[in-house]
Amino acid sequence: MSEERSAQCLCGAVKFRATPTRPEMGVCHCSMCRRWTGGTFMAVECKPDVSFDCGEDKVQVYASSPWGERVFCSICGASLFWRTKDRSHWSVSAQAFDESSRFTFTAQIFIDEKPANYSFADETMTMTGAEVFEAVMGGKEH
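All values derive from a computational prediction rather than experimental measurement.

**Examining the layout of surface pockets**
Link 1 in the chain: In this structure, the largest pocket spans a volume of roughly 760 Å³.
Link 2 in the chain: Every residue lining the largest pocket is counted, 35 residues in all, and those nearest its centre are H89, S91, I109, V132 and V136.
Link 3 in the chain: When grouped by side-chain class, the residues that make up the lining of the largest pocket number 21 nonpolar, eight polar and six charged.
Link 4 in the chain: Space inside the second largest pocket adds up to approximately 180 Å³.

**Some points on the sheet that holds strand β6 (residues 59-63)**
Link 1 in the chain: Here eight strands make up an open sheet; going across it, the order is β6-β7-β8-β9-β4-β3-β10-β11 and the pairing mixed. At either end of the open sheet lies a strand with only one pairing partner, and these are β6 and β11 (125-127). Averaged over all adjacent pairs, the angle separating strand axes in this sheet is 30°, with direction ignored.

**Here's the deal with the sheet that holds strand β1 (residues 5-8)**
Link 1 in the chain: With antiparallel pairing, three strands are arranged side by side in an open sheet as β1-β2-β5. Looking along the sheet, the strands with just one partner apiece sit at the ends: β1 and β5 (51-54). For this sheet the average axis-to-axis angle between neighbouring strands, irrespective of direction, equals 30°.
Link 2 in the chain: With four bridges connecting them, β1 and strand β2 (residues 15-18) associate as antiparallel partners. The residue of β2 that forms the bridge with S6 is R17.

Conventions and cut-offs
Residues numbered from 1 in each chain as written. Predicted model: local features only at pLDDT ≥ 70, side-chain atom pairs only at ≥ 80, totals over all residues. Heavy atoms only, no water. 1 Å grid on protein atoms, 1.4 Å probe; cavity = no way out; pocket = protein on both sides within 12 Å on 5 of 7 lines; lining within 4 Å. Points joined across faces, edges and corners; volume = space filled by probe spheres on them. Nonpolar A, V, L, I, M, F, W, Y, C, P; charged D, E, K, R; others polar. Pairing = 2+ DSSP bridges. Helix = DSSP H or I, 4+ residues; strand = E, 2+ residues; numbered from the N terminus. Axes fitted to C-alpha atoms, helices over the stretch in contact; angles between N-to-C directions.

Spatial relationships are all this shows, so hold off on functional conclusions.
So this is what it looks like as structure tokens:
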């Protein structure tokens with residue numbers, strides 16, 4: 001288990017603390033994450049106990065699917081985290097953490113949606129979208 005870590009948005013209006021479940025980072029290649037971040041969503045799975053130091057009133061939530069929400073800063077637009085609507089699963093932006101280099105790149109999800117115009121050199125575990133839905137939500141996409 002990891003310890004609680006500080007994080008913030010680009011402009012610093014939103015500052016929060018989150019506890020990673022392990023010191024690892026994964027990348028999501030799904031089309032929604034790519035549109036949301038302008039690249040891939042590099043994320044760290046965290047306990048569902050995110051606490052805000054400041055700026056909670058600047059946090060906006062976009063319900064991107066029947067089961068998921070994307071959370072961002074209303075001032076600078078920085079992607080902060082993705083979470084399930086029941087808030088049982090939280091994936092915090094790895095780059096929002098103050099010490100983001102502490103996380104080891106270990107996984108790539110929605111690999112079946114990754115476009116051919118980029119690749120990562122790291123050897124990682126990969127999962128298709130169907131495998132992710134099975135692991136996280138018991139196979140229920142919608």
